[in-house]
Amino acid sequence: MAVKDRDRFSTATRLRLLGEQTAARVYRSQTRRQARRSRLTGRAALLALVVCSLIVALAYPIRQYVSQRAEIAELQRQQEQARARVEQLRDLKARWQDDAYAEQRIRERLHYVMPGETGYVVIDPDAVKQSRTVRGTAARPWYANVWDGVDKSDRSDP
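What you see is a predicted model; the values in this text were computed from it and never measured.

Visitor: Just checking my understanding: could you explain the overall build of the protein for this structure?
Guide: The helix and strand tally for the protein stands at six helices and zero strands. Counting across all 158 residues of the protein, residues that qualify as buried make up 3%.

Shown next as structure tokens:
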């Protein structure tokens, strides 16, 4: 035991302990620096820069492409509508070239009658009254129309 105590206080032992303690401190400080250091390496930063540059460079052309595709789709829809309208007009033209259809439409629209027939026009009496009241109220001032409305609502109550 005396050898161990003497060995414990020897210069070599103290220097060895001092070196181990210093090495432990250095190791701890290096691990702290590594923990604080960003995990972003130079290669990763360069890769991120290249990807961002590509996104920025391609954003405008892609936006133009998408808007042009939408415009093309809209024009195709309009073209289909125009084709359908042309087809309707062709059908109508073919119908008007038929004499029976033309005669039917002329008789209906212009109130034509064939020789020997008697034409009648029936007028709806409610439509005539309504048109007269509309014509009469348009020529009067607005406050007269309001007062007439109050009188009518007053008369309708029992």
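Having put the structure on the table, let's press on.
Visitor: What is the right way to read the environment of Glu108 from this model?
Guide: Considering the arrangement of structural elements, one finds Glu108 in helix α4 (residues 99–110). Overall, the relative accessible area of 46% leaves Glu108 in the partly exposed class. Side-chain polar atoms of Glu108 contact the side chain of Arg105, separated by 3.0 Å.

Visitor: For this particular structure, what's the right way to read helix α3 (residues 42–96)?
Guide: For an α-helix, the turn length of 3.6 residues means that residues three or four places apart are oriented alike. Between its terminal C-alpha atoms α3 stretches 80 Å, which fits the 81 Å expected from 55 residues at 1.5 Å a residue. By the largest-angle criterion, Ala59 marks the main kink of α3, which is about 35°, and a proline, Pro61, follows within four residues.

Visitor: Would you mind showing me how to read the pattern of salt bridges here?
Guide: A side chain of one charge can pair with a side chain of the opposite charge when the charged atoms of the two come close. Applying the stated criterion across every chain yields a total of five salt bridges. One salt bridge in this structure joins Arg105 and Glu108, with 3.0 Å as the shortest N-O distance. One end of the pair, Arg105, and the other, Glu108, are both in helix α4, three residues apart, so they sit about a helical turn from each other. In this structure, the salt-bridge partner of Asp148 is Arg140, at a minimum N-O distance of 2.0 Å. By relative accessible area, which is 35% here, Arg140 ends up partly exposed.

Cut-offs applied
- Residue indices follow the written sequence of each chain, beginning from 1 at its first position.
- It should be noted that, the model being predicted, local features are given only for residues of pLDDT at least 70 and side-chain atom pairs only at 80 or more, the latter also being counted only at that level, while totals for whole chains, interfaces and linings use all residues.
- With hydrogens and water set aside, each side-chain value is computed from the structure's full complement of heavy atoms.
- To qualify as a helix, a DSSP run of H or I must reach at least 4 residues; to qualify as a strand, a run of E must reach at least 2; elements of each kind are numbered from the N terminus.
- Exposed residues in this analysis have more than 50% of their type's maximum accessible area, buried residues have under 20%, and partly exposed residues fall in between, with area computed by a 1.4 Å probe over protein chains only.
- For this analysis, a polar contact is any N or O atom pair within 3.5 Å, provided that within protein one partner can donate a hydrogen and the other can accept it, and provided that sequence-adjacent residues contribute only side-chain to side-chain pairs.
- For a helix, the expected span equals 1.5 Å multiplied by the number of residues minus one.
- Fitting axes to the seven residues ending at a residue and to the seven starting there, one defines the bend at that residue as the angle between these axes.
- The term salt bridge refers to a pairing of a side-chain nitrogen on Lys or Arg with a carboxyl oxygen on Asp or Glu at a separation within 4 Å.

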